[in-house]
Amino acid sequence: SRSLCTVVCKWTYTSDGGWDDSFWKTIGLEDLVKDKYEKIGNHVLSPGESVGNGLTPEAAKDLGLPEGIAVAASLIDAHAGGLGVIGADVKGHNLPCENQPITSRVAMICGTSSCHMGVSEAPIFVPGIWGPYFSAMVPGLWLNEGGQSATGKLIDHVVRGHVAFPELQSKAAASAHSIYTYLNSHLDLIKKSLPVGFLTVDLHVWPDFHGNRSPLTDLTLKGMVVGLTLSCGLDELALIYLATIQAIALGTRHILETMQAAGHQINTLFLCGGLSKNPLFVQMHADITGKPVVLSKEVESVLVGAAILGACASGDFASIQVWS
């Protein structure tokens, strides 16, 4: 069995038309068409549908789980995170998405790279944004997926490659904090009376060290830093760390503005993933996009999304969509 999410988002399958013979023949993979696509699968299930007769005896033994326990058709990892966070209950928080359709939300799954998931009732074609994919994340809705190729990886690269990194490491260890908690505290110390975002008024990062996925779709782009001086202490490390986070947030703003220009009506961001645990990353996204950011009480949203699929496959819930 194949997941509709995977074959639609990555393999050019459509839920209404199935596989496209002409595509595979055009790119020289016509052998995949033989025997009704036996090689790549022709039994496609929607995410959350029960697969086969549940867990096989062999798999059950390996995993230490009961034989026959329900197995769900899967979602891609980021899409599971999107599912796990985008339907969060926000009643009573005075957010603009309250009492609004789920199409007013964008889920950001922020880790080594980042994905920006927005859904719509009708297909919206957005230049430089993947999709639209029907029922690829939320059943019955079209998905557009923006992305940044390097986010957490970029921050890590900039911080660990700085000459002051050994000093940061030792001071963070002495204070029993992570290096990023220590950097956030250090920025608070040096900001004085100004908001922390203004510290980088003369320092700018172009964050496409690994090309640009969305919305420029240019893998040849490279990174850039403007405003460097000969100073190379802990203050400077903290500043380039801040400027890198701001650059990533500005990239998100670029993606959101492109989606909105094409027809998406977005008013709230829902963040999950490792970077959403960094308060500075979250705050800069709120400041730079001008939109409120929601963090789920359950931080492991990818696991929540996977659990939702399992709960549907087991029959405990009739569908993925339990919101109104």
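Data block above holds the structure.
Since the model is a prediction, treat every value here as computed from it, not as a measurement.

**Q** Even after reading the chapter, I still don't get a nonpolar patch on the surface, so can you show me in this structure?
**A** A cluster of nonpolar residues, Trp206, Leu216, Met224 and Val226, forms a patch on the protein surface that exposes about 360 Å² of accessible area. Leu216 gets classed as partly exposed once you look at its relative accessible area, which sits at 37%.

**Q** Before we go on, may I ask you to explain helix α11 (residues 301-313) in this structure?
**A** Within an α-helix, residues lying three or four positions from one another point in the same direction, as the helix has 3.6 residues per turn. Taking 1.5 Å per residue, 13 residues should reach 18 Å; α11 reaches 19 Å between its end C-alpha atoms and fits that length. Within the span of α11, buried status applies to Ser301, Gly305, Leu309, Ala311, Cys312 and Ala313. Turning to α11, the residues buried within the fold contact α5 (77-86) and β9 (268-272). Positive backbone phi, at 90°, marks Gly315, one or two positions downstream of α11.

**Q** Can you help me understand the packing of helix α6 (residues 152-160) against helix α8 (residues 179-190) in this one?
**A** Helix-helix packing is described using two parameters, namely the angle between the two axes and the distance between the axes. Where α6 meets α8, the axes come as close as 12 Å, and the angle between the chain directions of the two elements is 75°. What the angle tells us is that α6 and α8 run roughly perpendicular. The segment α6 lies against α8, with Ile155, Asp156, Val159 and Arg160 engaging Ile179, Tyr180 and Leu183. When grouped by side-chain class, the residues that make up the contact of α6 with α8 number 5 nonpolar, no polar and 2 charged.

**Q** Where do I start with helix α7 (residues 165-174) in this structure?
**A** Buried within α7 are the following residues: Phe165, Leu168 and Ala172. Each buried residue of α7 sits inside an arc of 55° when the element is viewed along its axis, so together they form one side. Opposite its buried face, α7 presents the exposed residues Pro166, Ala173 and Ala174, each directed more than 90 degrees away. Positive phi shows up at Ala176, right after α7, with a value of about 60°.

**Q** I'm lost on the pattern of salt bridges in this one. Help?
**A** If charged atoms from side chains of opposite charge come close, those side chains can pair. Throughout the structure, instances matching the rule amount to 6 salt bridges. Put simply, Lys191 and Asp188 hold a salt bridge, and the shortest N to O gap is 3.7 Å. Relative accessible area serves as the criterion here: at 27%, Lys191 is assigned to the partly exposed category.

**Q** I would appreciate a short explanation of unusual backbone geometry in the present structure.
**A** With the exception of glycine, most residues fall at negative phi, and the peptide bonds are largely trans. Cis peptide bonds are those with omega within 30 degrees of zero, and the linkage from Gly131 to Pro132 qualifies with 5°. Counting through the fold element by element, Pro132 comes out in strand β5 (residues 130-134). Looking along the chain, the bond that leaves Ser214 and enters Pro215 is cis, with omega of -5°. When you line up the elements, Pro215 lands in the loop between β7 (204-206) and β8 (224-226). Residues other than glycine seldom take positive phi values, yet Ala176 does so here, at roughly 60°. Secondary-structure assignment places Ala176 in the loop between α7 and α8.

Each value, and the rule that gives it
Residues numbered from 1 in each chain as written. Predicted model: local features only at pLDDT ≥ 70, side-chain atom pairs only at ≥ 80, totals over all residues. Heavy atoms only, no water. Patch = residues over 30% accessible without salt bridge, like charges linked within 9 Å, V, L, I, M, F, W, Y side chains within 5 Å. Areas by Shrake-Rupley, 256 points an atom, 1.4 Å probe, with all protein chains shown as cover. Salt bridge = Lys/Arg side-chain N within 4 Å of Asp/Glu carboxyl O. Buried < 20%, exposed > 50% of the residue type's maximum accessible area, 1.4 Å probe, protein only. Helix = DSSP H or I, 4+ residues; strand = E, 2+ residues; numbered from the N terminus. Expected span 1.5 Å × (residues − 1). Contact = heavy atoms within 4.5 Å. Axes fitted to C-alpha atoms, helices over the stretch in contact; angles between N-to-C directions. Parallel < 35°, antiparallel > 145°, perpendicular 65-115°, else oblique. Nonpolar A, V, L, I, M, F, W, Y, C, P; charged D, E, K, R; others polar. Arc of directions from axis to C-beta.

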